[in-house]
Amino acid sequence: MSTTDTMPEKVHLVGSIALDSVEEVFRTAGRLLGRRLKRVPDGEPGGRRLWISWQYPLLRASVFLKPDPSGAVRPTNKFSLLTLADGVKPQDVHFGELGYAREARASYLDFMAARDRGELPKGIRFQVSLPTPFAVVSSVVVADALTAVEAAYEQAMIAEVAALCRHIPHQDLCIQWDLCNEMIIWDGQRTDGVPNADQPRESILGRVQRLCAGIPADVEIGVHLCYGDFAGRHFVEPQSAERMVEFANALARAIAHKLAYIHMPVPIDRTDEAFYEPLRNLKLAPGTELYLGLVHAKDGVPGTKTRVDMARRFAPAFGIATECGMARARSEELVRNLLAIHADICSNG
């Protein structure tokens, strides 16, 4: 249980931030949050604001895939589901660059410039938030082709991570895995937004183990436990923190690389003890930070303080964040308001 009565002093920015440019993200976040930030993302501008949707054209353009003849579509965005192209064998499927490392390398130049100008604090890391291959592929590929396509995409994502680690100094780099489909499957609540839900927990952990295996020890790894953010709403709401705590504990045991942090969302209406009580059972390694997604624009500073006070009864020391990224279905004005709420909460820390 937390032993402090002060407000949290650390802030985590989950990923997307709906400002006009990477430079504006660094300038604004640095000015409002400064030393409260240990890491900063580039805000995922352009097509990346829609999380994995920007990968659909890459998959659709692959010579190894074609729209499924059934005409099936993804329930949320109505993208046509894909299957193996005619004559393609599972072992044939291959992907080259996915685009994540190339985007990050460009944004890292802006990161260094902002840090050199003093807009970002010294010692801050550049955070690259990545989806898991399972989340990307299972969302747009039919079940019969999932194994083959995911295996190829996983190798491509591992290559993206290797490129990040080659081109960005390790002391500046943090890689965050966005575990959305995995979190919802682990939770056990079924939803049309997350297909292919019959995944054993061991296979979920094995996927994350493989993604982390080659990351050097001096590169930070963080985990965002996500319940989705389509049209600004979760696919399903966590009934309590219990399943997130289970998953966090399992990940901490399964991943050989020490985790720098775990992020967990908290719905706006959960100010009851029942939601937070499972946080007593969180078993993270010393030095692994906890960030709780307690910040909501609708009830601002007062509501956030209420949730902070309740979380302090059961959680170890924690920082604050929003539930998910700050881009989808959100205006620039709302984003600045959310950042200001973080700053106001921490000003009392």
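Up top you'll find the structure we're talking about.
Residues numbered from 1 in each chain as written. Predicted model: local features only at pLDDT ≥ 70, side-chain atom pairs only at ≥ 80, totals over all residues. Heavy atoms only, no water.

Engineer: Give a description of the packing of helix α7 (residues 201–212) against helix α8 (residues 242–254) that names residues and reports values.
Structural biologist: Following both chains from N to C, one finds α7 and α8 inclined at 50°, their axes separated by 10 Å at the closest point. Here α7 is positioned oblique relative to α8, judged by the angle of their axes. By crossing handedness, the relation of α7 to α8 is classed as right-handed. Residues R201, I204, L205, V208 and Q209 of α7 pack against R243, E246, F247, A250, L251 and A254 of α8. (Axes fitted to C-alpha atoms, helices over the stretch in contact; angles between N-to-C directions. Helix = DSSP H or I, 4+ residues; strand = E, 2+ residues; numbered from the N terminus. Parallel < 35°, antiparallel > 145°, perpendicular 65-115°, else oblique. Left-handed = near helix turned anticlockwise from the far one by under 90°. Contact = heavy atoms within 4.5 Å.)

Engineer: So what's going on with the sheet that holds strand β6 (residues 220–225)? Which residues, and what values?
Structural biologist: Strand order in the open sheet formed by seven strands is β1-β4-β5-β6-β7-β8-β9, with parallel pairing between adjacent strands. The strands lining the two open edges of the sheet, one partner per strand, are β1 (39–41) and β9 (319–322). Strand-to-strand twist across the sheet, computed as the mean angle between neighbouring axes with direction ignored, equals 30°. Of the pairings in the sheet, the one linking strand β5 (residues 173–179) to β6 comprises six bridges and is parallel in character. Paired with D178 across the two strands is H224, which belongs to β6. (Pairing = 2+ DSSP bridges.)

Engineer: Summarise the pairing of β9; cite the residues concerned and give the values.
Structural biologist: Residues of β9 alternate between two faces, with G319 and A321 on one and I320 and T322 on the opposite face, all of them buried. Of the strand pairs in this sheet, strand β8 (residues 289–295) and β9 are connected by three bridges, and their pairing is parallel. Along β9, the bridge assignment pairs L292 with I320. Where the polypeptide runs from β8 across helix α10 (residues 300–312) and back to β9, its parallel neighbour, the crossover connection is right-handed. (Buried < 20%, exposed > 50% of the residue type's maximum accessible area, 1.4 Å probe, protein only. Right-handed = clockwise from strand over helix to strand, strands pointing away.)

Note that every value here comes from positions in space, so none of it alone points to a role or purpose.
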